[in-house]
Each structure stands twice: as C-alpha cells, then as structure tokens.
Amino acid sequence: VAGFFLLTCHWSRGWRSIIDKKYIENLFLIAFLLRIVWVIASYFYYIQVTGQPFEIDTADALGYHEEAQWLVQEGWSFTFQYLFGNTYRGISDSGYPLYLTLLYSIFGSSVIIPRIIKALLSAYTCVLIYRLSSRMFGNETGRMAGIMAALMPNLIIYCGYHLKETEMLFL
C-alpha cells in the first residue's frame, strides 16, 4: 500500500513535464515489467506450493485451462458446437474458453503464454486508461490515473491468474 501511494506521488510529480510519447512509453514499460515479474514469480511460486501453476484452492482458473486443453484435442467444429450450439451458455461463459483454445492451438497448452499476453494487455489497458482519463478530465488527471492503474495490485495480481478479468477490462 505504501509503495502504491509513494510511487504514485513520485511518478506523478516526476513525469509531469515529460512529453506524452515518453510518458506513454514509461507507463507501458513500468506496467508491463511489474506484471511480467509477477507472472513469472507467481508461476514458480504456485508450482512450488501447489504442484501446479495455479493459485491455492483454484477453481475457475483450472476449469478454464482444462476445458481449453480438452477443446484443442476435440477440434474446431466440436468446439464451436460445444460453446455456441445447443448447449450455448452465453458469451461470458464461452468467450474465454474459446480464447484459451485459440491460444493453446497456436502456442501449446502452457499457461505461461496466456499470462504473458495478459501482462501485455493489462499494461496497454493502463495506457488506455490514461488516454480516456486525459480526454475526460485533463492531462494531469489522466497521467495520475494511468500511473495508479499501472501500480494497482489487483490489476497486477490478475495477470498471474488464469481468469478472464484482465481480458474483460482490456475489452
């Protein structure tokens, strides 16, 4: 908590006078580095503690992973029938397994690749928050919002989980 407020204060003052392009580069880089460090650290931590790269007492995250692994093996026609056919469950329950199935079919079923992509999307979300806030409330407020988003613990932690929240915030 102290780090969040101290770094927000420090960077809000220190980055006040830099040009927008440099601010966006700094914001994205800091946000991405924080997230990628957490993704890698949590991956190995969870393997050490639980024996698998999922959080303690995992439920949805492991379910999404196993469902996507299964759907990759079944093929695309079965996947679309399962997700959008007679057993259609709604986009909130179908979109993320479809997304993971696509990633697993391209990169394999390792959980680290989707989490690295989450880190990229989340870091870019910080840039989008800055841009939106700047247009709505002014550049100084937008910069502060971007920095706060970059340092927000919840947004960082979700990058290390196999859940859909990071992608939903990005969208």
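Data block above holds the structure.
Only a predicted model underlies this, so the values are computations on that prediction, with no experimental measurement involved. (Residues numbered from 1 in each chain as written. Predicted model: local features only at pLDDT ≥ 70, side-chain atom pairs only at ≥ 80, totals over all residues. Heavy atoms only, no water.)

S.K.: Help me understand the packing of helix α2 (residues 20-50) against helix α6 (residues 112-137), please; the structure alone is not making it clear to me.
M.R.: Packed helices, taken two at a time, are described by the angle between their axes plus the distance between the axes. Running from N to C, α2 and α6 point in directions that differ by 150°, and their axes come no closer than 9 Å. In terms of orientation, α2 and α6 fall into the roughly antiparallel class. Handedness of the α2/α6 crossing: right-handed. Residues Asp-20, Tyr-23, Ile-24, Leu-27, Phe-28, Ala-31, Phe-32, Arg-35, Ile-36, Val-39 and Tyr-43 of α2 form the contact with α6, whose participating residues are Ile-112, Arg-115, Ile-116, Ala-119, Leu-120, Ser-122, Ala-123, Tyr-124, Cys-126, Val-127, Tyr-130 and Arg-131. Considering only residue class, the contact of α2 with α6 consists of 18 nonpolar, one polar and four charged. (Axes fitted to C-alpha atoms, helices over the stretch in contact; angles between N-to-C directions. Helix = DSSP H or I, 4+ residues; strand = E, 2+ residues; numbered from the N terminus. Parallel < 35°, antiparallel > 145°, perpendicular 65-115°, else oblique. Left-handed = near helix turned anticlockwise from the far one by under 90°. Contact = heavy atoms within 4.5 Å. Nonpolar A, V, L, I, M, F, W, Y, C, P; charged D, E, K, R; others polar.)

S.K.: What exactly am I supposed to notice about the pattern of salt bridges here?
M.R.: Side chains bearing opposite charge may pair, as long as their charged atoms lie close to each other. Applying the stated criterion across every chain, the model contains two salt bridges. The salt bridge partner of Arg-143 is Asp-20, with a shortest N-O separation of 2.7 Å. Taken together, the positions of Arg-143 in helix α7 (residues 139-151) and Asp-20 in helix α2 put the pair 123 residues apart, joining distant regions of the chain. Relative accessible area serves as the criterion here: at 7%, Arg-143 is assigned to the buried category. Residue Lys-118 pairs with Glu-167 through a salt bridge whose shortest N-O separation is 2.8 Å. (Salt bridge = Lys/Arg side-chain N within 4 Å of Asp/Glu carboxyl O. Buried < 20%, exposed > 50% of the residue type's maximum accessible area, 1.4 Å probe, protein only.)

S.K.: Whenever I open this one, the state of the cysteines confuses me. Can you help?
M.R.: Formally, a disulfide is one covalent bond, and it connects the sulfur atom of one cysteine to the sulfur atom of another. Overall, the coordinates contain zero disulfides when judged by the stated rule. Free cysteine Cys-126: the closest other cysteine sulfur is in Cys-159, separated by 8.5 Å. Taking the relative accessible area as the measure of exposure, Cys-126 reaches 1% and is therefore buried. The exposure class of Cys-159 is buried, given its relative accessible area of 0%. (Disulfide = S-S within 2.5 Å.)

S.K.: Any chance you could explain the side chain of Thr-125 here in plain terms?
M.R.: Inspection of the secondary structure puts Thr-125 in helix α6. Those residues within four positions of Thr-125 in sequence are excluded, and the remaining contacts are Leu-169 and Phe-170.

S.K.: What's the story with the nonpolar core in this structure? I'm lost.
M.R.: Across soluble globular proteins, nonpolar side chains have a tendency to be buried as a group. Counting 35 residues, the largest nonpolar core has Tyr-23, Leu-27, Leu-100, Cys-126 and Ile-147 as the members making the most contacts within it. Counting residues per element, the ones that place at least two in this core are α1 (2-14), α2, α3 (60-74), α5 (91-107), α6 and α7. Of the residues forming this core, the biggest block, nine residues, is contributed by α2. In this structure, Leu-100 is in contact with Tyr-64, His-65, Ala-68, Pro-114 and His-162, ignoring residues within four places of it in sequence. (Core = buried A, V, L, I, M, F, W, Y, C linked by side-chain atoms within 4.5 Å.)

S.K.: Is there a simple way to explain unusual backbone geometry in this structure?
M.R.: Excluding glycine, residues mostly have negative phi values, and the peptide bonds linking residues are mostly trans. The phi dihedral of Asp-57 is positive, around 55°, even though this residue is not glycine. One can find Asp-57 in the loop between α2 and α3. Residue Asp-57 is classed as exposed on the basis of its relative accessible area of 74%.

S.K.: I'm lost on the packing of aromatic side chains in this one. Help?
M.R.: Two aromatic rings, taken as a pair, are described by how far apart their centres are and by the angle between their planes. With the rule as written, the count across this model stands at 16 aromatic pairs. Ring geometry for Tyr-64 and Tyr-96: centres 5.0 Å apart, planes at 80°, overall edge-to-face. Of the two residues, Tyr-64 is situated in helix α3 and Tyr-96 in helix α5; the sequence distance between them amounts to 32 residues. A single burial state applies to Tyr-64 and to Tyr-96, both of which are buried. Taking 6.1 Å as the distance between ring centres and 10° as the angle between the ring planes, the aromatic pair formed by Phe-78 and Tyr-82 counts as stacked. (Phe/Tyr/Trp six-rings, centres within 6.5 Å; stacked < 30°, edge-to-face > 60°.)

S.K.: What's the story with a nonpolar patch on the surface in this structure? I'm lost.
M.R.: On the surface, a nonpolar cluster with roughly 570 Å² of combined accessible area is contributed by Trp-76, Phe-80, Phe-84, Leu-102, Ile-106 and Phe-107. Of all the secondary-structure elements, those providing two or more residues to the nonpolar patch are α4 (76-84) and α5. Assignment of secondary structure puts Leu-102 in helix α5. A residue is classified by how much of its surface remains accessible, and Leu-102, at 41% relative accessible area, is partly exposed. (Patch = residues over 30% accessible without salt bridge, like charges linked within 9 Å, V, L, I, M, F, W, Y side chains within 5 Å. Areas by Shrake-Rupley, 256 points an atom, 1.4 Å probe, with all protein chains shown as cover.)

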